[in-house]
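What follows is the residue order along each chain.
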Amino acid sequence: MAQDSAWSDMEQADRQRRPFLESIFNDREFKLKPGDYEPQMRQIVALNEQALALCAEARGELSKQGRNLKLGRQALSAYKNNSFD
């Protein structure tokens, strides 16, 4: 979802993910043998880090677009103020 910039879908999936993860950590088998779940936990962490990186990248792009929009507005305002129409 993060790769597709489906942020609202990702937010909804995150709300569903939290109780699921809590259930895993509270599971009796997991508590008895947490090492048995290490590959799955590593995959969860890796996917989470990847999603966070994509979110940070998208946030940076939005910030850049906001700055460009502000500069555009300032240029338009300057043009209007200095126009001899």
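Here goes a summary of the coordinates provided. These numbers were taken from a predicted model, which means no experiment stands behind them. Throughout, residues of each chain are indexed from 1 in the direction in which the sequence is written. Local features in a predicted model are, by the rule used here, given only for residues with pLDDT of at least 70; side-chain atom pairs are given and counted only at 80 or more, and totals for whole chains, interfaces and linings are based on all residues. As a convention, hydrogens and water are excluded, and side-chain values are obtained from all of the structure's heavy atoms.

## Quick word on the packing of aromatic side chains
Stacked, edge-to-face and tilted labels apply to pairs of Phe, Tyr and Trp rings (six-membered ring for Trp) whose centres lie within 6.5 Å, assigned for plane angles under 30 degrees, over 60, and everything in between, in that order. Under the criterion given, the structure shown has 2 aromatic pairs. Look at Phe25 and Phe30: their rings are 5.2 Å apart centre to centre, the planes differ by 80°, and that puts the pair in the edge-to-face class. The class of Phe25 is partly exposed, set by a relative accessible area of 40%. With a 1.4 Å probe rolled over the protein chains alone, any residue whose accessible area is under 20% of its type maximum counts as buried; one over 50% counts as exposed, and the rest are partly exposed. Judged by relative accessible area, which is 11%, Phe30 ranks as buried. Here the aromatic rings of Phe30 and Tyr37 are separated by 5.5 Å at their centres, their planes lie at 50°, and the arrangement is tilted. By relative accessible area, which is 25% here, Tyr37 ends up partly exposed. A connected cluster of aromatic rings, assembled from ring pairs, spans Phe25, Phe30 and Tyr37.

## As for the pattern of salt bridges
Salt bridge criterion: a side-chain nitrogen from Lys or Arg within 4 Å of a carboxyl oxygen from Asp or Glu. Enumeration over the complete set of coordinates arrives at 4 salt bridges. Of the charged contacts, one joins Arg17 and Asp14 as a salt bridge, the two residues approaching to 2.9 Å between their closest N and O atoms. Here the residue Arg17 and the residue Asp14 both occupy positions in helix H1 (residues 7-26), the gap between them amounting to 3 residues, near one helical turn. Of the charged contacts, one joins Arg42 and Glu38 as a salt bridge, the two residues approaching to 2.6 Å between their closest N and O atoms. Placement of the pair is Arg42 and Glu38 together in helix H3 (residues 38-82), with a separation of 4 residues, close to one helical turn. Segments assigned H or I by DSSP are reported as helices when at least four residues long, segments assigned E as strands when at least two residues long, and all are numbered from the N terminus.

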